[in-house]
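Architecture and fold: a report
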Amino acid sequence: MLVEKLTPEALICAPRRGPAIPNHDGTLALYTVSVHTIGGETLKEIRVMNIATGDSRQLFDDAKAQDATWLGDGSNTIILLKKGGEGITFLLAIDADKSPNDPYIVGHISAPVQNLKVKALKDGSVAFAVVALADPDGQLFNGEVKKPTHTGKWNSYRNLEKYSIFYSTLSKKEDGLWKIAGPLHNALANTDLEAPISMYEPTDARDNYDLSQGGITLAAEEPGITDPMLLGASDIYYVRLSSFATARVHRPVRIGVHSTDDDGYSSHPRFSPDGSLIAFLRGSISAFEQLRIFIHQIESPKAIDLFDMITGKKWPLVPSGFEFAPNGHALYITADDTGRIGLYKVDLLPSAYPKTLLRDGSVVSYYPLGQDNNERVLVTSSNLVESSIYQIVDADADHEPITVSAATRSGSKFGLSPNQVSEIYFEGGGDYCVHAFVIRPSNFDENKKYPLALLVHGGPISAWYDSWSTRWNPALWAEQGYIVVTPNITGSTGYGIEFANAVRDNWGGRPYDDLVNCMEYLKQVPYIDTNNAIAAGASYGGYMMNWLQGNPLGRSFKAIVCHDGIFHLPTFILQTDSIGGANDFGGPPLLWKNLKGLERYNPAKPDLLPNWKTPMLVIHSEKDYRCPITEGLGAFHTLQLLGTPSRFLTFPDEDHWVLKEENSLEWHRQVFAWINKYTGVAS
């Protein structure tokens with residue numbers, strides 16, 4: 001696809017590539033591509049790429065296929081799930097070495113299942129596991145035959161039937177084709193556990209369980225919690241299996257940690273290649289974003305902190321993910337780092353310190369380039385002008401990464417260039433500096449002045465990254481004719497734990513002061529017209545749009561866009577699907593216990609509402625359970641009653657994010673029509 005300029009239509013229709021997964025010997029990479037036709041369908045392909053040449057070919061084209069991965073048996077066989085009628089799921093295999101690459105049915109499962117994982121076993125069979133709902137007897141539950149009961153959670157309904165991990169094995173038939181060797185077994189039968197965590201979150205649940213020769217490790221919420229402040233606390237469990245072909249004999253064992261925090265959030269469990277270690281991420285209840293890596297020897301009583309008790313050297317960055325090197329003696333780690341997601345490697349030795357492997361753009365995935373390759377890694381990443389890059393990174397050398405494939409050739413297929421992106425630092429609301437990305441239009445002329453688009457990220461503990469997005473894409477906004485500034489204000493990750501934590505009990509304090517100072521700084525930039533500015537944000541960024549409305553900075557903007565924001569903070573806490581945040585408001589987030597703390601930065605305080613004079617587009621979707629639609633309606637009705645120009649846009653079939661392609665196109669058209677009207681860009 002080649003276009004002269006990035007437009008909403010081009011963004012929606014552009015191919016979207018998934019991460020590249022190398023095969024056993026590092027010669028081929030498996031990946032997915034989806035392409036949408038406006039007014040039509042979305043086509044989904046499974047493809048393989050020759051890593052040496054970058055050439056690729058299609059293996060399979062089916063919108064109902066998911067979770068494609070290498071079988072891992074030393075061949076180039078690919079295994080995947082395909083949805084069938086009446087809730088049946090088919091397990092398919094494709095031999096990537098054959099032509100034509102006709103898939104064949106390995107077997108079928110009589111329920112909707114997802115999140116497929118496989119592990120080649122020493123006896124020549126292959127263990128596989130999937131996630132599905134279980135009925136009260138622990139058997140597979142087919143929700144398309146018998147409708148599940150449910151309550152609201154994040155962006156979908158939470159079923160009263162529990163999710164569980166079901167496992168079995170694959171074996172070869174006489175003709176050399178694979179088959180499901182026996183019935184599926186529930187790894188959590190006769191327990192109170194539901195796993196993996198994140199089944200109702202906008203993340204890949206495969207990240208929260210793993211397989212080894214001897215069992216399954218998984219992240220599960222702590223059962224029986226009644227304290228609302230501890231809801232969501234989770235632990236790592238080990239399920240020892242005598243065989244993947246038989247039912248579980250040993251009960252899941254909770255892995256304890258050497259830590260002062262009894263309760264916390266644990267995730268991302270990983271077996272070492274030999275299965276002797278389980279490593280995982282853990283953050284405390286009071287500061288969930290302060291993730292640490294813990295490592296547990298299967299036979300030891302508790303897991304220990306990697307940097308405290310193994311390397312003995314502190315690391316200022318906070319890990320967001322990791323994987324074992326093939327030899328099990330090192331970890332590859334990702335971490336937020338000054339608006340980027342970098343890749344690092346650390347040996348599991350005393351005095352070891354993480355080595356930077358890649359700190360350009362934002363890493364999406366990383367795999368050893370072959371089952372026995374401890375030096376080279378196949379990395380998928382993106383940046384603000386490039387949607388997908390596949391690169392080979394040498395962990396033990398200092399030469400530049402080798403680019404295997406760049407989907408848009410550094411943005412050139414969209415008319416974009418890395419030269420459009422720069423960075424600034426300005427004084428924040430205290431004794432610190434704030435970092436921001438600046439994105440200019442592709443036809444930028446330094447002798448002209450451009451309107452400003454100031455974008456505020458969600459979270460509040462999150463960040464703007466040097467990464468591609470199909471939802472909030474700064475380059476797309478810039479191509480409308482704006483200078484786009486994305487400041488990583490107080491609460492942003494990648495700038496030290498203290499900077500991220502400073503947003504607690506300070507939602508409308510330091511972050512707001514940072515934005516005030518940002519605008520003052522931008523007044524000195526000759527090509528930015530701060531008198532012709534708009535502001536926009538979603539989630540916490542939407543909260544900040546409402547907070548701006550009631551405070552003086554709100555008058556600095558010609559128009560505002562508030563997506564899924566928070567209007568009345570005290571009652572929002574009681575309506576959201578995730579009650580918590582004991583440290584966010586100086587006390588419990590309950591208005592009968594901490595009304596003063598909740599009112600302190602409440603956008604709907606009566607003395608602030610009469611100030612809401614800036615034209616605002618309010619967007620809120622009906623299936624958003626994290627920030628319920630009543631928050632958007634409250635903001636919109638306030639604006640209407642004040643006579644402030646305003647519109648309300650809703651999507652009945654969307655949630656906290658507008659993900660369906662046609663809806664996303666309409667979202668962009670409405671947003672740009674709104675801001676362009678008030679800045680004069682439309683004319």
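Located above this text is the structure these notes cover.
Residues numbered from 1 in each chain as written. Predicted model: local features only at pLDDT ≥ 70, side-chain atom pairs only at ≥ 80, totals over all residues. Heavy atoms only, no water.

The subject of this paragraph is the overall build of the chain. Secondary structure summary: the chain contains 10 helices and 41 strands in total. Here the chain has a C-alpha radius of gyration of 25 Å; the compact-globule value for 683 residues is 26 Å, and the two agree. The principal-axis extent of the C-alpha atoms belonging to the chain is close to 75 × 55 × 55 Å. Of the roughly 27,700 Å² that the chain leaves accessible, carbon and sulfur atoms contribute 50%. Taking the average place of the 59 positive charges on the side chains of the chain and the average place of its 78 negative ones, the gap between the two points comes to 2 Å. (Helix = DSSP H or I, 4+ residues; strand = E, 2+ residues; numbered from the N terminus. Rg over C-alpha atoms; globule rule 2.2 N^0.38 Å. Areas by Shrake-Rupley, 256 points an atom, 1.4 Å probe, with all protein chains shown as cover. Lys, Arg positive; Asp, Glu negative; His and termini not counted. Charge placed at Lys NZ, Arg CZ, Asp CG, Glu CD.)

Sheet architecture is open: eight strands sit in the order 34-35-37-36-38-39-40-41, paired in mixed fashion. Here the strands that pair on one side only, and so sit at the sheet edges, are strand 34 (421–427) and strand 41 (646–649). Neighbour to neighbour, the strand axes of the sheet diverge by 20° on average, direction disregarded. In this fold helix 6 (residues 540–550) packs onto strand 36 (450–456), strand 38 (528–538), strand 39 (559–563) and strand 40 (616–619), with an angle of close to 130° to the strand it touches most, strand 38. The sheet strands contacting helix 10 (residues 661–679) are strand 36, strand 38, strand 39, strand 40 and strand 41, and the helix crosses strand 39 at an angle near 160°. (Pairing = 2+ DSSP bridges. Axes fitted to C-alpha atoms, helices over the stretch in contact; angles between N-to-C directions. Contact = heavy atoms within 4.5 Å.)

Let us look at unusual backbone geometry. Note the cis peptide between Ala 195 and Pro 196, where omega equals -5°. By the secondary structure assignment, Pro 196 is in the loop between strand 16 (185–186) and strand 17 (209–212). Cis geometry is adopted by the peptide bond preceding Pro 460, which originates at Gly 459 and carries an omega value of 10°. Inspection of the secondary structure puts Pro 460 in the loop between strand 36 and helix 3 (474–478). The phi dihedral of Asn 190 is positive, around 65°, even though this residue is not glycine. Its place among the elements puts Asn 190 in the loop between strand 16 and strand 17. Notably, Ser 539 is not glycine yet its phi reads approximately 60°, a positive angle. Structurally, Ser 539 can be placed in the loop between strand 38 and helix 6.

What follows deals with the sheet that holds strand 9 (residues 104–109). Sheet architecture is open: four strands sit in the order 6-7-8-9, paired in antiparallel fashion. With one partner strand each, in any of the chains shown, strand 6 (65–70) and strand 9 form the two edges of the open sheet. Between one strand and the next, the sheet's axes are offset by a mean angle of 20°, whatever the strand orientation. Strand direction decides the pairing type here: strand 8 (residues 89–95) and strand 9, joined by five bridges, are antiparallel. Looking at the pairing, Phe 90 lines up with His 108 of strand 9.

Under the defined criterion, the tally for this structure stands at 25 aromatic pairs. When the ring of Trp 472 is compared with that of Trp 477, the centres are 5.5 Å apart and the planes differ by 15°; the resulting orientation is stacked. Neither Trp 472 nor Trp 477 differs from the other in exposure class; each is buried. Members of the aromatic cluster, each reached through a chain of ring pairs, are Trp 507, Tyr 540, Tyr 543, Trp 547, Phe 585 and Tyr 601. For Arg 17, the ring lying beneath its charged end belongs to Tyr 390, and the centroid distance is 3.8 Å. Lying over the aromatic face of Tyr 209, Lys 117 brings its terminal NZ or CZ to 5.4 Å of the ring centre. (Phe/Tyr/Trp six-rings, centres within 6.5 Å; stacked < 30°, edge-to-face > 60°. Buried < 20%, exposed > 50% of the residue type's maximum accessible area, 1.4 Å probe, protein only. Lys NZ or Arg CZ within 6 Å of the ring centre and 35° of its normal.)

What follows covers the environment of Ile 79. With respect to the helices and strands, Ile 79 occurs in strand 7 (residues 77–83). Judged by relative accessible area, Ile 79 falls into the buried class, the value being 1%. Once the C-alpha coordinates of Ile 79 and Leu 92 are considered, the two residues, 13 residues apart in sequence, prove to be 5.7 Å apart. With residues up to four places along the chain from it excluded, the contact list for Ile 79 reads Asp 67, Ala 68, Thr 69, Leu 71, Leu 91, Leu 92, Ala 93, Val 106, Leu 116, Val 118 and Leu 170.

It is worth spelling out the pattern of salt bridges at this point. Within the structure shown, the criterion is met by 21 salt bridges. The closest approach of N and O atoms between Arg 359 and Asp 337, which form a salt bridge, is 2.9 Å. Of this pair, Arg 359 sits in the loop between strand 29 (355–358) and strand 30 (362–368) while Asp 337 sits in the loop between strand 27 (330–336) and strand 28 (341–347), and the two are 22 residues apart along the sequence. Relative accessible area serves as the criterion here: at 11%, Asp 337 is assigned to the buried category. The network of salt bridges with common partners includes Arg 292, Asp 305, Asp 308 and Lys 314. (Salt bridge = Lys/Arg side-chain N within 4 Å of Asp/Glu carboxyl O.)

Moving on: helix 8 (residues 591–600). Listed in full, the buried residues belonging to helix 8 are Asn 594, Gly 597 and Leu 598. Each buried residue of helix 8 lies within a common arc of 100° when the element is viewed along its axis, so the set occupies one face. Exposed residues on helix 8 whose side chains face more than 90 degrees from its buried face are Trp 592 and Lys 596. On its buried side, helix 8 packs onto helix 7 (569–575). (Arc of directions from axis to C-beta.)

Within the largest apolar cluster, 56 residues are counted, with the highest numbers of intra-cluster contacts made by Val 485, Trp 507, Met 544, Leu 548 and Phe 557. Of the residues forming this core, the biggest block, six residues, is contributed by helix 6. In this structure Trp 507 touches Pro 460, Tyr 540, Tyr 543, Met 544, Ile 566, Leu 569, Asp 584, Phe 585 and Tyr 601, once residues within four positions along its chain are discounted. With 36 residues, the next largest nonpolar core counts Val 385, Trp 472, Leu 649 and Trp 667 among its residues. (Core = buried A, V, L, I, M, F, W, Y, C linked by side-chain atoms within 4.5 Å.)

Attention now moves to the pairing of strand 18 (residues 215–221). Of all seven residues making up strand 18, six are buried, and the element is well covered by its neighbours. Both strand 17 and strand 18 contribute to a ladder of four bridges, which runs antiparallel. In the sheet register, Tyr 209 faces strand 18, and the bridge partner there is Leu 218. Connecting strand 17 to the antiparallel partner strand 18 that follows it, the hairpin turn spans two residues. The pairing of strand 18 with strand 19 (residues 234–240) spans seven bridges and is classified as antiparallel. Residue pairing in the sheet places Gly 215 in a bridge with Arg 240 of strand 19.

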